[in-house]
Amino acid sequence: MEQQATISVSNNVIHCRGPWTLPNVAELERRGVMLRWPDAPSVIYDAGEVTAMDTSGALLLQQSINGLRHTGRKTSLRGLKPEFAQLLQIVETQWPHLDNGAAVRRAGWAERLTRVAEHRSESAVHALAFLGESSVAFCRSLMRPHSIRWRALLRIVELDGVRALPITGLLTFLVGVVIAYQGAEQLRKFGTNIFIVDLVGISLLREIAPLIVAILIAGRSGSAYAAEIGTMKVTEELDAVRTLGISPMSLLVLPRSLALVIALPLLTVYADILGVFGGMLIASSQLNVSFAEFVARFEEAVSVRHFLIGLGKAPFFAAIIALVGCYQGLRIRGGVDDVGRHTTISVVQSIFLVIVFDAICSILTNWWDL
Amino acid sequence: MMPPLAQTEMPVIEVSHVATRFGQAVVHEDVSLSIKQGEVFAIAGGNGCGKSTLLREIIGLLTPSAGTIRLFGVDSRQLEESDGRPIHRRFGVMFQHGALFSSLTLAENVAVPLREHADVSPRLIRDIVAVKIAMVGLPPDSAAKFPSELSGGMRRRAALARAIVMDPELLFLDEPTAGLDPMIAAGFDDLVLSLKRLLGLTVVMVTHDLDSLWRIASRVAVLGHGKVLGVGTMQELSQSDDPVIHAYFRGPRGRAAKEQAAWNIERHEA
């Protein structure tokens, strides 16, 4: 049976016994709180029966000694084994620093507000600088197309375009099904079943398919860009790239941006087809609109400009997603948690900007009666 | 349960006939070691001889392909299981690059084991952390800093503070002085020695640093060709006939380190 650590008072002597070690300090602390400390002006600590002591035990003893000294009583210590005494001495010499060191000044609201404002304005400047830098790099590469890293670009088209085909196809197909289902209910009431074609065709081609694809790619590729580039920065690979005389813009940012600008419109066309096909299935099963009728009506009701407006937005969405992802990746400094934070920011920001851009497009096309 | 006092003579760590293979690559063929209480035991050897792998096996992060490793008499295979948990409180590990949690401040990093494993009041946790930070020689104002704001040497010290925060009996150091400047490395050696004396630690370290081998190691094991080529004090090993050990300790750097150590001892005695 292991001995218990105890602290007890008799007359003016405080007896400390047993192992004063980490597993026992909680119990000792509780006992210490309940203890009635001696009132005499000088108190003796008898530590002769302390069998073990680690830093936490020494600290607790010192806390108790300091507590008594604070009330103006004299204390003395006897019987502590020399190996423990050394530890206690270290704790005692550190004591003056303990409270001061731990106290961290809390910033007031004005200071915090200023800091946030500074941070925001700084990131705005950074973002502008990045936009400018990437535009310059883009124009430069247009003048010298051979300087574009076509191999990297094609690999990214494959990774972020071709490999995304199944998931984008499935999702827009389902969205087409959902729109047709919801529309079918309403249209059947008025006996205007054939207008399902207008509903599905226009909404999908013009708005929903490009938006769904963009949101999906923001989550799938934009986050990957931020994490990849950020990890490269943390592991100093980016610094290596710079010192080798290669610009991160041309190595990382441009291929990714151009690849997405190529891939996203293609994905959008593919998504258009599958979405409309989903609507077509529901139209024939729920509204008795046959495939032939559907296609015939599609030709006359859905003008090509809806398709072109939808398609025209896709490259801009792509540029937003790729640039935000790369920018957030490059903004990462510090360590591992920063990678996670900026990856999240990149997704939220790119989806936000994509939707804002889409809303602006809707308003403008409405003004111009397109 | 603590082992009875009579058994403290038994080795703290016992490695018997350990073999390690990663696919085709053989790292250890047959490694046996026994580390006694109170030693500063160093594992040395050329790059890629499996020093760090052996360390990772001892602390239960890797499982050897064959053979057994006992830590305080417990098979290291059981370390990850629940009944191994009390063992985790009895040793601390300092990883080569610190492995500090980058989302926590230095003080919070050091406090992690206490918060997880000990039933201690927040005030005492704060004080213990502050004492440990002072013990490893870091200034009090570094406590609120994040690992990314610390220099390499400070990060190493912070990792050491976290490793000793539970007052362990056994301390593992992976390449403690690699990449530190000579002054700081020597300071680190002294720090390890003083902590060993103060806390009664057994220290197991993997190192290439010939200076710190001479300065602080009480015994050294040299690994090579998948085996233990020799175990002994630095004096004994430097007399060894084994060609690998000879090359390791009697090469140009080995000789310089030995002369330096001899000079230090002379000066100490004078």
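Residues numbered from 1 in each chain as written. Chains lettered and ligands numbered in written order. Predicted model: local features only at pLDDT ≥ 70, side-chain atom pairs only at ≥ 80, totals over all residues.

1. Here we look at the overall build of chain A
Rules: Numbering of helices and strands runs from the N terminus, with a helix taken as a DSSP run of H or I at least four residues long and a strand as a DSSP run of E at least two residues long. Here exposure depends only on C-beta density: within 10 Å of a residue's C-beta, 20 or more other C-beta atoms make it buried, 12 or fewer make it exposed, and intermediate numbers make it partly exposed, the C-beta atoms being placed from the backbone. For the purpose of contact definition, each residue receives a C-beta atom placed from its backbone, and two residues are in contact when these atoms lie within 7 Å.
Along chain A, the regular secondary structure elements total 12 helices and 4 strands. Here chain A holds 370 residues, and 34% of them are scored as buried. Across chain A, the fraction of contacts at a sequence separation of at least 24, relative to all contacts at a separation of at least 6, is 85%.

2. Topic: the overall build of chain B
A count of helical and extended segments in chain B gives 10 helices and 10 strands. Counting the 270 residues in chain B, one finds 42% classified as buried. Sequence separation of 24 or more characterises 64% of the internal contacts of chain B that already satisfy a separation of 6 or more.

3. Quick notes on the interface of chain B and chain A
To keep it simple, the criterion reads: Just so you know the grouping, Ala, Val, Leu, Ile, Met, Phe, Trp, Tyr, Cys and Pro go in nonpolar, Asp, Glu, Lys and Arg go in charged, and all remaining residues, Gly too, go in polar.
Of the residues lining the interface, 25 residues belong to chain B; the matching set on chain A comes to 25 residues. In terms of residue count, the dominant contributor to the side of chain B that touches chain A is helix H4 (residues 122-135) of chain B (9 residues). Its residues assigned to classes, the side of chain B that touches chain A comprises 15 nonpolar, 4 polar and 6 charged.

4. Quick look at the confidence of the model for chain A
Operational definition: Along the chain, pLDDT gives the predictor's confidence residue by residue, from 0 to 100.
With 96% of its residues at a pLDDT of 70 or more, chain A has an overall mean of 87. No element of chain A has a lower mean pLDDT than helix H3 (residues 82-102) of chain A, at 71, and none a higher one than helix H11 (residues 304-331) of chain A, at 94.

5. Section: the pairing of strand E2 (residues 13-20) of chain A
Residue and element names in this part refer to chain A. Filter applied, for reference: When DSSP finds at least two bridges between two strands, those strands are taken to pair. For crossovers, right-handed means that the path from the first strand over the helix to the second runs clockwise, given strands pointing away from the viewer.
The pairing of strand E1 (residues 6-10) with E2 spans 5 bridges and is antiparallel. Across the sheet, Ser 10 pairs through a bridge with Val 13, a residue of E2. Counted between consecutive antiparallel strands, the loop separating E1 from E2 contains 2 residues, among which Asn 11 sits at a positive phi close to 55°. Of the strand pairs in this sheet, E2 and strand E3 (residues 42-53) are connected by 7 bridges, and their pairing is parallel. What sits directly across from His 15, in E3, is Asp 46. Taken together, E2, helix H1 (residues 22-34) and E3 constitute a β-α-β crossover, and its handedness is right-handed.

6. A look at the environment of Pro23(A)
Residues and elements named next belong to chain A. Relative to the helices and strands, Pro 23 resides in helix H1. Pro 23 sits in the partly exposed class, given 18 other C-beta atoms within 10 Å. Along the primary structure Pro 23 and Ala 5 are separated by 18 residues, whereas in three dimensions their C-alpha atoms are 9.8 Å apart.

7. Notes on the packing of helix H9 (residues 248-286) of chain A against H11(A)
Residues and elements named next belong to chain A. Counted only if it meets this: Fitted lines through C-alpha atoms serve as axes, helices being fitted only where they are in contact, and the angles separating the N-to-C directions of these axes extend from 0 to 180 degrees. Less than a right angle of anticlockwise turn of the near helix away from the far helix marks a crossing as left-handed, whereas a clockwise turn marks it as right-handed.
Where H9 contacts H11, the two axes come as close as 8 Å, and the packing angle between them is 145°. With respect to the hand of their crossing, H9 and H11 are arranged in right-handed fashion. Only Phe 307, Gly 310, Leu 311, Ala 314, Pro 315, Phe 317, Ala 318, Ala 319, Ile 321, Ala 322, Leu 323 and Cys 326 of H11 make contact with H9, whose side of the interface consists of Leu 252, Val 253, Arg 256, Ser 257, Leu 260, Val 261, Leu 264, Pro 265, Thr 268, Val 269 and Asp 272. Looking at the contact of H9 with H11 residue by residue, the class counts come to 18 nonpolar, 3 polar and 2 charged.

8. Thoughts on the packing of helix H7 (residues 196-234) of chain A against helix H10 (residues 291-301) of chain A
Residues and elements named next belong to chain A. Quick note on the threshold: Angles below 35 degrees are treated as roughly parallel, those above 145 as roughly antiparallel, those between 65 and 115 as roughly perpendicular, and all remaining angles as oblique.
H10 packs onto H7 with a crossing angle of 60° between their chain directions and a minimal axis gap of 9 Å. Overall, the two elements H7 and H10 adopt an arrangement that is oblique. Classified by chirality, the crossing of H10 by H7 is right-handed. Listed contacts from H10 to Val 197, Asp 198 and Gly 201 of H7 are Phe 294, Arg 297, Phe 298 and Ala 301. Tallied by class, residues from the contact of H7 with H10 come to 4 nonpolar, 1 polar and 2 charged.

9. A short note on the nonpolar core
Just so we agree on the cut-off: For our purposes the nonpolar core covers buried Ala, Val, Leu, Ile, Met, Phe, Trp, Tyr and Cys residues that link as a set through C-beta atoms within 7 Å.
In this structure, Ala42(B), Val110(B), Ile133(B), Leu171(B), Phe172(B), Val203(B) and Val220(B) are the most contacted members of the largest nonpolar core, which totals 99 residues. In terms of residues, this core owes the most to one element, H4(B), which gives 8 residues. Residue contacts for Val220(B): discarding those within four places in its chain leaves Ala42(B), Ala44(B), Leu213(B), Gly232(B), Met234(B) and Leu237(B). Residues Ile196(A), Ile212(A), Met232(A) and Val253(A) belong to the second largest nonpolar core, which totals 57 residues.

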